[in-house]
Amino acid sequence: MPGRLPRRLFALLLGALTGASAVAAPARADARDVTEYPITTTADSLPAGITAGPDGALWFAQSAAGRIGRIATDGTVADYRTPTRDSGPFGIAAGPGRALWFTEQSAGRIGRITTSGTVTEFALPRAASAPAGIVQGRDGALWFTELGADRIGRITAGGRITEYRVPTPHSLPYGIAAGADGALWFTELAGGRIGRIRPGGRITEFPLPSRVDFPEDIVAGPGGMWFTASGSNSVDRIDRTGHVTRYRLPDADGDPGGIAAGPDGRVWFTDESGRIGRVTAAGRITVVRVPHGPDKAPFRLTTGPDRMVWFTELLGNAIGRIRSL
């Protein structure tokens, strides 16, 4: 296997200290809690985003294969090709009309797939916009980041697209999540900031404590928005005022990536060094090692309909499931 690339560089290839710090004693779980399901339909598909679908299955983006995959909770895998060749599907989210919506990072499009496998694509105004993260907002529309255009986009169920420019140039907006305040929060991969956009399009940016941080994924959780940042070796929380609290990972080689709300009220995250972890509101971290994890690069995760946590293995060409911690 080639050496593991930094996540921020890998994302670009796919598409083109004032804060408080907290440390809590870690706990470890058994690797037997992990079940892995190989993607048998397509080799080397680089599965990226994953989400629970309205049909009781998990849906995921196969970034190197131009396909959207579906895995049932028994491990049965199917996939569907996007109409645009080499589209680079990346982020995926459940949306209105019992459909799944996804970003096509290489094609500069937003895709929609029904649970029966019918795909519709919507071209963005800029072909090189490299859309990355996507989430449904309170307004029923899908909101997404444009990594290559420094914009936050919004698309309605009918395909109408609106874009909002991020104030900081060359910021590379990347992950995005809906907040409890009704706004959408996003990470700026190169800007070293967390952004918040209100439904009307007004954007506020919060600089992070360290300029060497590269914030990646983000999710709503206890006390604010939780996010990961390459270079921080921590899982971080930001409140509505922009105050950041960091929770250090127990392993010195920690490489946090994806982050999601778990079925237990805790925040869960992937560590591309080969672990899955969770953190409580008080900052207590539990980790479990994925067998041969560094060679598989756990990437994104979500809570499944079975109330277990499911994750993609970017280099392992598999989908994993955590039974419990």
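Quick caveat: nothing in here was measured; it's all calculated off a predicted structure.

**Looking at the sheet that holds strand β14 (residues 151-155)**
Pairing in this open sheet of four strands is antiparallel, and the strands run β12-β13-β14-β15 from one edge to the other. Pairing within the sheet leaves two strands with one partner each, and these edge strands are β12 (131-136) and β15 (161-165). The mean inter-strand angle of the sheet, taken between neighbouring strand axes irrespective of direction, is 20°. Judged from the four bridges that link them, β12 and strand β13 (residues 142-146) form a sheet pairing that is antiparallel. If you follow Pro131 over to β13, its bridge partner there is Glu146.

**Looking at the sheet that holds strand β16 (residues 173-178)**
Across the sheet, four strands lie side by side as β16-β17-β18-β19; this open sheet has antiparallel pairing. Every other strand in the sheet has two partners, leaving β16 and β19 (203-207) as the edge strands with one partner each. Ignoring which end each strand starts from, the neighbouring axes of this sheet average 25° apart. Strand direction decides the pairing type here: strand β18 (residues 193-197) and β19, joined by five bridges, are antiparallel. Note that in β19 the partner of Ile194 across the bridge is Phe206.

**Quick notes on unusual backbone geometry**
One non-glycine residue, Asp44, lies in positive phi territory at about 50°. Take Asp44: it is sitting in the loop between β3 (34-38) and β4 (47-52). You can call Asp44 exposed: its relative accessible area is 64%. Even without a glycine there, the phi angle at His170 is positive, about 55°. Mapped onto the secondary structure, His170 falls in the loop between β15 and β16.

**Things to note about the packing of aromatic side chains**
Inspection of every chain in the model, using the stated rule, returns eight aromatic pairs. Judged by centre distance (6.0 Å) and plane angle (75°), the ring pair of Phe90 and Phe299 falls under edge-to-face. Placement of Phe90 in strand β8 (residues 89-95) and of Phe299 in strand β28 (residues 298-303) is noted, with a sequence separation of 209 residues between them. Grouping residues by exposure puts Phe90 and Phe299 together as buried. Ring geometry for Trp185 versus Phe206: centroids 5.8 Å apart, planes at 10°, classification stacked. A residue pair is termed long-range when its members are at least 10 positions apart, and Trp185 in strand β17 (residues 184-188) and Phe206 in strand β19 qualify at 21 residues. We classify Trp185 as buried; its relative accessible area is 1%. Sitting above the plane of the Phe299 ring, Arg300 keeps its charged end 4.2 Å from the centroid.

**Observations regarding the pairing of strand β7 (residues 77-81)**
Sheet analysis places strand β6 (residues 67-71) next to β7, joined by five bridges and oriented antiparallel. Within the sheet, the bridge partner assigned to Arg67 lies in β7 and is Arg81. A loop of five residues connects β6 with β7, the two strands running antiparallel in sequence, and Gly75 in this loop sits at a positive phi of about 95°.

**Considerations on the pairing of β8**
Where burial is concerned, most of β8 is hidden: six out of the seven residues are buried. As judged from the five bridges shared by β8 and strand β9 (residues 99-104), these two strands associate in the antiparallel manner. Bridging across to β9, Ile92 finds its partner in Phe102. Taking the residues between adjacent antiparallel strands as the criterion, β8 and β9 are bridged by three residues, where Gly97 takes a positive phi near 70°.

**Here's the deal with the confidence of the model for the protein chain**
Of all residues in the protein chain, 89% attain a pLDDT of 70 or more, and the chain-wide mean is 90. Counted against residues more than four places away or in other chains, residues 1-26, with its pLDDT under 50, gives 56 contacts.

**Some details on the environment of Asp253**
Mapped onto the fold, Asp253 is located in the loop between β23 (244-248) and β24 (256-261). Along the backbone, Asp253 and Asn233 are 20 residues apart, and their C-alpha atoms lie at a distance of 7.4 Å. Apart from residues lying up to four places away in sequence, Asp253 is in contact with Asn233, Asp271, Ser273 and Arg275. Among the polar contacts listed, one links the side chain of Asp253 to the side chain of Arg275, at a separation of 2.8 Å.

**Focus: the pattern of salt bridges**
For the structure shown, the criterion picks out 15 salt bridges. Its salt-bridge partner being Lys296, residue Glu36 comes within 2.8 Å of it at the nearest N-O pair. You can see Glu36 sitting in strand β3 and its partner Lys296 sitting in the loop between β27 (285-289) and β28, a full 260 residues away along the chain. Relative accessible area serves as the criterion here: at 27%, Glu36 is assigned to the partly exposed category. In this structure Lys296 comes out as buried when scored by relative accessible area, which is 16%.

**Things to note about the side chain of Thr145**
For Thr145, the location among the structural elements is in strand β13. Note on Thr145: relative accessible area 0%, which makes it buried. Within the structure, Thr145 has its side chain in polar contact with the backbone oxygen of Tyr174 (distance 2.5 Å). Residue contacts for Thr145: discarding those within four places in its chain leaves Ala130, Pro131, Ala132, Gly133, Arg151, Ile152, Pro173, Tyr174, Gly175, Ile176 and Phe186.

Conventions used here
Residues numbered from 1 in each chain as written. Predicted model: local features only at pLDDT ≥ 70, side-chain atom pairs only at ≥ 80, totals over all residues. Heavy atoms only, no water. Pairing = 2+ DSSP bridges. Helix = DSSP H or I, 4+ residues; strand = E, 2+ residues; numbered from the N terminus. Axes fitted to C-alpha atoms, helices over the stretch in contact; angles between N-to-C directions. Buried < 20%, exposed > 50% of the residue type's maximum accessible area, 1.4 Å probe, protein only. Phe/Tyr/Trp six-rings, centres within 6.5 Å; stacked < 30°, edge-to-face > 60°. Lys NZ or Arg CZ within 6 Å of the ring centre and 35° of its normal. pLDDT = per-residue confidence, 0-100. Contact = heavy atoms within 4.5 Å. Polar contact = N/O pair within 3.5 Å; in protein donor to acceptor, adjacent residues only side chain to side chain. Salt bridge = Lys/Arg side-chain N within 4 Å of Asp/Glu carboxyl O.

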